Amino acid sequence: MGGFATVLLVIGINIVLAVSLTVVNGFTGQFSMGHGGFMAVGGYVAAMIVYYGSLRLWGSANFAGGFLSSASGDGAWLAGGDVLFVVACLAAGLAAAGAGYLVGLPSLRLKGDYLAIVTLGFGEIVRVVLQGTAPQIARSKADVVRETPVWKLATHLGGAQGFNLLPTYATLFWIYFAAVLTLIVVYRLKMSSSGRAFLSIREDEIASQAMGVNVTKYKVRAFVLSSFFAGVAGGLYAMYLGAINATDLGFQRSFEVIIMVVLGGMGSISGATLAAILLSILPEVLRAPPPVWPAGLALLVVMVIIQKVGISFGLTRGPADGIVLNIAISMRSLRRSWKFKPLVIVAGVTMALETARLVCLQQQIDIAQYRMVLYALMLIIMMIVRPEGLFGVREFWDYLPRRRAHSPSGPVAEASA
Amino acid sequence: MPLLQVSNLHVSYGSIRALHGIDLEVEAGKIVTLIGANGAGKSTTLRAISGMIPSEQGAISFDGHSILGTPPHRLLEQGMAHVPEGRGIFGNLTVEDNLALGAYIRNDRDGIRNDHERVLELFPRLKERLKQSAGTLSGGEQQMLAIARGMMSRPRLLLLDEPSLGLAPQFVQTIFAIIREVNQQGTTILLIEQNAHMALQVAHQAYVLETGAIAMRGPASELAASDEVRKRYLGIA
Ligand SMILES: Nc1ncnc2c1ncn2[C@@H]1O[C@H](COP(=O)(O)OP(=O)(O)OP(=O)(O)O)[C@@H](O)[C@H]1O
Ligand SMILES: [Mg+2]
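Being a predicted model, the structure only gives us computed values, none of them experimental.

Draft legend 1. Spotlight on the overall build of chain B. Along the backbone of chain B there are 10 helices and 10 strands. Against the compact-globule benchmark of 18 Å for 237 residues, chain B has a radius of gyration of 17 Å, which places it among compact chains. Within chain B, buried positions represent 47% of all 237 residues. Across chain B, the fraction of contacts at a sequence separation of at least 24, relative to all contacts at a separation of at least 6, is 67%.

Right, here's the structure in full:
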């Protein structure tokens, strides 16, 4: 599979992870550090069901999917393998949600950051337990798998070697199906009256209680929902890689997802999505950093144009009650003088990045290895420059310029800032 | 039978005893005020009544039923709303969202819409600021929002904790006028105030709290006239 398609798959999985974590860390203002752990729970459950399930049902763990899981596959849209895969992903979500309930209930009753501590511990326990499991039963031993009771199969998860040689069902279709589903569910939640209740908990827990919100119940709900999607993401991850190893799903993984949520703006769905996309691309970019200066130059030109020419656009209700997209351009040069500061910043940052890139190239330093350092730096800069994250609690369209409905005969309004 | 009856209420924070044996009654349709120095236990009394903190001993009944140990969201359903000290505004949400959260426990859409209108009539300033983040309102506007939000659950009893705290004199006047108006529209009010002067003017009944116990009680006008209260709480020699 091409590098580009792989990045797209990673982006999709990261969207599921970041958007689901937004429900806990963004909406209710609790702090979970165990998303990697829930992903591991889901991933292993899905791996077990698909691998041992295939061996039990068909005597082979080969790929048995239809068109949706493999473009080259012929015949039916859906085959038995796909059904097993979807069931496995649902079971992965449910298992993670169940784990979330058990972990969340005691810690969410308490006020304060107990959740952070407990989830951190949970993630580590999951990792250690999974690494201590018995070796995977080989693909060739379908008869052994058939004779082994299910509960015993659940202890053969590959230990430190990880769970390998899984049939890969998680294609772009399935991953983006899950991503879109996550986005819809979480967006609807945010816009519902329960969504308002979630946000109120984050704003002021005592006042929220005074509004009649059952705070504990909502916190547990948010956490369980979030764990569910983390579990599904784990299942997708295992079925896209064809392998899963608990070592990769430790604290570092949880931290990456937290960064996506924080960068995007605690509580912003579009922010988390954007951050998930950017941070999924970043490692690829770092592997072979392209020149920065063309982008910097282009940005400078655009900024000059925006400073000199006001551009605004928006949707307004038109004369015949239809929606009209209007774009207004006006020369602003007479009204505004130059603003040099942003231009200097962009130029400076471009030069700094370009220098860093050249130094790395010349000294043969692989910056991809310093990814976590970069993440930490990004967090620090973000906390200084814009502590509420890219979009804060809002969505990006809340920032689009809004225009008053214009009268049919009137002139197009002046461009707004 | 009073709408709210508190008898022999004891509350502690760990080893700190905040209330030792409070008796208090609120008749339906009245404004009752609870005044007292800082740290006397006024907020504690309200929190215990609305179920936000547990009571150690004593009885609280609302509308004839014991409500000891009932969680706040249940009490709200039964018609008791608490506007806590410090307002507890949801700063990053809009004024509109704050009001909607006030009606969180209700699901009668038409009733909510009516109350929304009614509340905005009482607080015209909020009407102009529905889409604004509540955190950007001025202190006085935030206080208005807190009261308005408390009313959105259509309570029979409204518990107000220092609604005039930190407000300029003309704003204080407005707030008290509104409190009286809300009461005249049929809501019973238990009011905590530092501003004893204003509180005694609007209230029917008054209680004076001193270090966790009721020191004086009676019709507000009588207390306002007593030497003790004049000297200690109204600053009149
Ligand atoms: N959470 C708490 N933990 C420990 N002690 C508390 C707590 N809350 C209040 N207290 C103590 O209980 C006593 C009564 O406090 P309370 O808040 O009821 O006073 P108040 O009469 O409302 O005062 P104010 O007019 O300053 O608001 C005080 O001595 C206070 O220090
Ligand atoms: Mg107080």
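Draft legend 2. Highlighting the overall build of chain A. What chain A contains, in helices and strands, is 15 helices and 2 strands. Split into buried and exposed, the 417 residues of chain A put 40% on the buried side. The contacts in chain A between residues at least 6 apart in sequence include a share of 78% that link residues at least 24 apart.

Draft legend 3. Representation of the confidence of the model for chain A within the structure. On average, chain A scores 84 in pLDDT, and the residues at 70 or more come to 86%. In the model, residues 403-417 of chain A has pLDDT below 50 throughout and makes 22 contacts with residues more than four positions away in sequence or in other chains.

Draft legend 4. Molecular detail of the sheet that holds strand β9 (residues 205-210) of chain B. Residue and element names in this part refer to chain B. Spatial ordering of the open sheet is given by β6-β7-β8-β3-β9-β10, a layout of 6 strands whose pairing is mixed. Here the strands that pair on one side only, and so sit at the sheet edges, are β6 (80-83) and β10 (213-219). In this sheet, adjacent strand axes meet at a mean angle of 15 degrees when their direction is disregarded. Where β9 lies against β10, 6 bridges are found, and the strand directions are antiparallel. What sits directly across from Q205, in β10, is P219. Packing against the sheet, helix α1 (residues 42-49) makes contact with β3 (31-36), β6, β7 (157-161), β8 (188-193) and β9, and its axis sits at approximately 150 degrees to β7.

Draft legend 5. Structural view of the site of ligand 1. Residue and element names in this part refer to chain B. Near ligand 1 you find 13 residues, and of these Y13, N38, K42, S43 and T44 are the closest. Secondary-structure elements contributing two or more residues to the shell around ligand 1 are β2 (16-26) and α1. The element best represented in the shell around ligand 1 is α1, accounting for 3 residues. Split into classes, the residues belonging to the shell around ligand 1 amount to 4 nonpolar, 7 polar and 2 charged.

Draft legend 6. View of the interface of chain A and chain B. Contact with chain A, which involves 16 residues of that partner, is made by 19 residues of chain B. Going through the elements one at a time, α8 (193-203) and α9 (205-210) of chain A are the ones with two or more residues in the side of chain A that touches chain B. Looking at which element gives the most residues to the side of chain A that touches chain B, the answer is α8 of chain A, with 6 residues. When its residues are assigned to classes, the side of chain A that touches chain B shows 8 nonpolar, 5 polar and 3 charged.

Draft legend 7. Examining the sheet that holds β2 of chain B more closely. All names here are of chain B. Across the sheet, which stays open at both edges, the 4 strands sit in the order β2-β1-β4-β5 with antiparallel pairing between neighbours. The sheet terminates laterally at β2 and β5 (65-66), the two strands that pair on one side only. Examined bridge by bridge, strand β4 (residues 57-62) and β5 share 2 bridges and lie antiparallel to one another. Among the inter-strand pairings, S61 is bridged to a residue of β5, identified as S66.

Draft legend 8. Local environment of the environment of N214 of chain A. Residue and element names in this part refer to chain A. Relative to the helices and strands, N214 is located in the loop between α9 and α10 (215-241). With 17 C-beta atoms packed within 10 Å, N214 lands in the partly exposed category. In sequence terms N214 and M191 are 23 residues apart; their C-alpha atoms lie 18 Å from each other.

Draft legend 9. Quick peek at the domain arrangement of chain B. Residue and element names in this part refer to chain B. Split into domains, chain B comes out as domain 1 (1-79 + 155-237) and domain 2 (88-154). The straight-line distance from the C-alpha centre of domain 1 to that of domain 2 is 23 Å. At the junction of the two partners, domain 1 supplies 15 residues and domain 2 supplies 10 residues. A per-element tally of the side of domain 1 that touches domain 2 places helix α7 (residues 169-184) first, with 5 residues. Here the side of domain 1 that touches domain 2 is built from residues that sort into 11 nonpolar, 2 polar and 2 charged.

Draft legend 10. Seen up close, helix α4 (residues 114-131) of chain A. Residue and element names in this part refer to chain A. Helix length check: α4 (18 residues) gives 26 Å between terminal C-alpha atoms against 26 Å at 1.5 Å per residue, within 8%. Every buried residue of α4 is listed here: L115, T119, F122, G123, V126, R127 and L130. Down the axis, α4 shows its buried residues gathered within 130 degrees of arc, on one side only. Buried-residue contacts for α4 involve α2 (35-58), α3 (80-109) and α11 (251-264).

Draft legend 11. Seen up close, the pairing of β9 of chain B. Residues and elements named next belong to chain B. Counted residue by residue, β9 has 5 buried out of 6 residues, so it is predominantly covered. Pairing between β3 and β9: 5 bridges, direction parallel. Paired with G36 across the strands is L209, a residue of β9. Linking β9 back to β10 in an antiparallel pair, the connection comprises 2 residues, with T211 at a positive phi of about 35 degrees.

Draft legend 12. Representation of the environment of E210 of chain B within the structure. Residues and elements named next belong to chain B. Its location among the elements puts E210 in strand β9. Classification of E210 as partly exposed rests on a count of 13 C-beta atoms within 10 Å. With 173 residues separating them in the primary sequence, E210 and A37 have C-alpha atoms 7.0 Å apart.

Draft legend 13. Spotlight on the domain arrangement of chain A. Residue and element names in this part refer to chain A. The domain architecture assigned to chain A consists of domain 1 (3-285) and domain 2 (293-399). Contact residues are listed per partner, giving 16 residues for domain 1 and 16 residues for domain 2. Elements with a contribution of two residues or more to the side of domain 1 that touches domain 2: α11 and α12 (269-287). The element best represented in the side of domain 1 that touches domain 2 is α12, accounting for 6 residues. Taken together, the residues of the side of domain 1 that touches domain 2 break down into 9 nonpolar, 7 polar and no charged.

Calculation rules
- Residues numbered from 1 in each chain as written.
- Chains lettered and ligands numbered in written order.
- Predicted model: local features only at pLDDT ≥ 70, side-chain atom pairs only at ≥ 80, totals over all residues.
- Helix = DSSP H or I, 4+ residues; strand = E, 2+ residues; numbered from the N terminus.
- Rg over C-alpha atoms; globule rule 2.2 N^0.38 Å.
- Buried ≥ 20, exposed ≤ 12 C-beta atoms within 10 Å, placed from the backbone.
- Contact = placed C-beta atoms within 7 Å.
- pLDDT = per-residue confidence, 0-100.
- Pairing = 2+ DSSP bridges.
- Axes fitted to C-alpha atoms, helices over the stretch in contact; angles between N-to-C directions.
- Near = placed C-beta within 6 Å.
- Nonpolar A, V, L, I, M, F, W, Y, C, P; charged D, E, K, R; others polar.
- Domains from an automatic or database assignment.
- Expected span 1.5 Å × (residues − 1).
- Arc of directions from axis to C-beta.

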